[in-house]
Amino acid sequence: MDRNDSLSPFDQYLASPQGAMSPGIPVFSPMMHYGTGLTLQPIQSTDDLSTLEEEQQQAVVATGQLSPKSQQATQEASDPTPQLFNSQPLTTAPLLGTTPLYPSPMTPMTPAIPASEMAELVPQLHNIVCTVNLGCKLDLKSIALLARNAEYKPKRFAAVIMRIREPRTTALLFSSGKMVCTGGKSEEQSRLAARKYARIVQKLGFPIKFLDFKIQNMVGSCDVKFPIRLEALVLSHQQFASYEPELFPGLVYRMIKPRILLIFVSGKVVLTGAKVRREMSEAFNNIYSILKGFRKTS
Amino acid sequence: MNNTAASPMSAATSSSGRSTGKSISFTAELQSMMFSLGDARRPLHETAVLVEDVVHTQLINLLQQAAEVSQLRGARVISAEDLLFLMRKDKKKLRRLLKYMFFRDYKSKIVKGIDEDDLLEDKLSGSNNVNKRQKIAQDFLNSIDQTGELLAMFEDDEIDEVKQERMERAERQTRVMDSAQYAEFCESRHLSFSKKGSKFRDWLDCGSMEIKPNVVAMEILAYLAYETVAQLVDLALLVRQDMVTKAGDPFSHAISATFIQYHNSAESTAACGVEAHSDAIQPSHIREAVRRYGHKIGPLSPFTSAYRRNGMAFLAC
């Protein structure tokens, strides 16, 4: 194809596409460093073209490695059009300079996403499950009798269920002294809630310690803000994705165990199984680059 | 013996005495379901009525057989084991059913992890609910498995071709849709018989049966009903594709006489009917599909009695 020929002199600067996910994805690999991925955009004004040509010449002159010169050229080009280029230092700067000149005829012209919008992809936490060891045996019966908001049905379940209103959480207290706390909306809230429960039990007369506080699971969600064609996603990612719309409206995407993502047609994504916030952000960014290829264009 | 399996219409008329509950009709839902499975955007009402008849008859027969099996066991309810027993002959369909059951377990596990209230309820009701369906299936197949084939299915990772084809068809269908159509398509894909539990039970007239199915058995029946519809649509699409005579097709002269008869009747109705429905599945396609499915082709087919003993070739098992 014509497009491929014109790209060949710049192949040395292009990261090899690591398995293009679906037709219609632009030239760069979706698995690239995420900062660059979002700013691909076909250029629409002639001013930019001229700076790009200049840049290309510089790139040709360079020895085929990412040289600081071409990076600077990109930075220069980025000043007049800040919304098109990411201002962060880039590892694949020449790539940005070269790709937009050859927009694929198959690629839908996606609008430019400024760097600030990328920051909006911060996942919202909905639920955090944590455990802590209170360090001494607990007498569940007396706790249930003395504490308010405590429930204990030993025949059904061998733990006291306690709830507090601020932060709105629920805790399960076991006779071994271990406690599970759920419902916190952030790590700090979760820790605060666990301490509050520990304080309640302490006031009832038990020698409480606060050992091994650990977050076991975090549930978060975010919105990629475009509709997704789930049928195509399940077909191309069969080993990771399951989609049974009669049972559940979302697609279940298994990333590295135990992280699971639920992807919905509307563009909302729910992640469960992460233990730290960084894992969550990583997972969302990975899935964002994958999902862009399955955007439902109308 | 051939004629009992060949025409669902005759079977339907014979069971019309039983179908006093014809006030319960799934026709509208079936039309949406067929759209989500590959039919045109507005499937024909007549086709949906016919599909409903076929599914209804087959499910009633299946239920009766399951009740017999259950009686043999001496149980008081029809449970998942009875249905699994009836399906033991067809490995591919059984595997699809097992995968469906495991996915149901998996989904409830995930949803529990997300919603804290669900988590607590589950803890309170006893934690033996995890993977309940998987346990039932595994225990049962363990007990009836003589040759080890059935248990091997649990480890089997082969691609299910029928499912693959359905996924590809859905992908092709949705590729050309715009957002509004796609939203409609997604809505129809969410339809299932299990969501309309009580209506489904009444439709099958479970109330008048001596031995009734339990909860897991109802889930499986809803799944089998959906599978039957899906199979019918798959086969009907194949039949419709066959009807289009392709230039250079070496077998076009070998089409059976009955097939041509259906084709001609379809043509005549289409000619005077609405041309806009030309891409929807016609009742003639469905009838031909059922006829072909029930027709055992092969050198010994007049002598085999395996399927003829009950007179009906089940599409779902």
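Residues numbered from 1 in each chain as written. Chains lettered and ligands numbered in written order. Predicted model: local features only at pLDDT ≥ 70, side-chain atom pairs only at ≥ 80, totals over all residues. Heavy atoms only, no water.

> Residues and numbers for the packing of helix α13 (residues 215-243) of chain B against helix α15 (residues 283-294) of chain B, please.
Residues and elements named next belong to chain B. α15 packs onto α13 with a crossing angle of 105° between their chain directions and a minimal axis gap of 8 Å. Judged by the angle between their axes, α13 and α15 are roughly perpendicular. The residues of α15 that touch α13, namely those facing Leu232, Leu235, Ala236, Val239, Arg240, Asp242 and Met243, are His285, Ile286, Glu288, Ala289, Val290, Arg292 and Tyr293. Of the residues assigned to the contact of α13 with α15, the class counts are nine nonpolar, one polar and four charged. (Axes fitted to C-alpha atoms, helices over the stretch in contact; angles between N-to-C directions. Helix = DSSP H or I, 4+ residues; strand = E, 2+ residues; numbered from the N terminus. Parallel < 35°, antiparallel > 145°, perpendicular 65-115°, else oblique. Contact = heavy atoms within 4.5 Å. Nonpolar A, V, L, I, M, F, W, Y, C, P; charged D, E, K, R; others polar.)

> Can you lay out the sheet that holds strand β2 (residues 150-152) of chain A for me, pointing to particular residues and giving the numbers?
Residues and elements named next belong to chain A. The antiparallel open sheet is built from 10 strands, whose spatial order is β2-β3-β4-β5-β1-β6-β10-β9-β8-β7. Each end of this open sheet is capped by a strand with a single partner; those strands are β2 and β7 (241-242). As judged from the six bridges shared by strand β1 (residues 124-133) and strand β5 (residues 178-184), these two strands associate in the antiparallel manner. Its bridge partner lying in β5, Thr131 is registered against Val180. (Pairing = 2+ DSSP bridges.)

> Describe the packing of aromatic side chains, listing the residues and the values that go with them.
Per the counting criterion, the structure on display carries 12 aromatic pairs over all chains. Summarising the aromatic geometry, the rings of Phe193 of chain B and Phe200 of chain B are spaced 5.3 Å apart at their centres and angled 40° between planes, so their arrangement reads as tilted. Using a relative accessible area of 2% as the deciding quantity, one classes Phe193 of chain B as buried. When its relative accessible area of 1% is taken as the criterion, Phe200 of chain B is described as buried. Here a set of aromatic residues connected by ring pairs shows up, and it is made of Phe26, Phe193, Phe200 and Trp203 of chain B. The ring of Tyr182 of chain B is capped by Lys296 of chain A, whose NZ or CZ atom sits 5.5 Å from the centre of that ring. Between the NZ or CZ atom of Lys199 of chain B and the centre of the ring of Phe26 of chain B, over which it lies, the distance is 4.6 Å. (Phe/Tyr/Trp six-rings, centres within 6.5 Å; stacked < 30°, edge-to-face > 60°. Buried < 20%, exposed > 50% of the residue type's maximum accessible area, 1.4 Å probe, protein only. Lys NZ or Arg CZ within 6 Å of the ring centre and 35° of its normal.)

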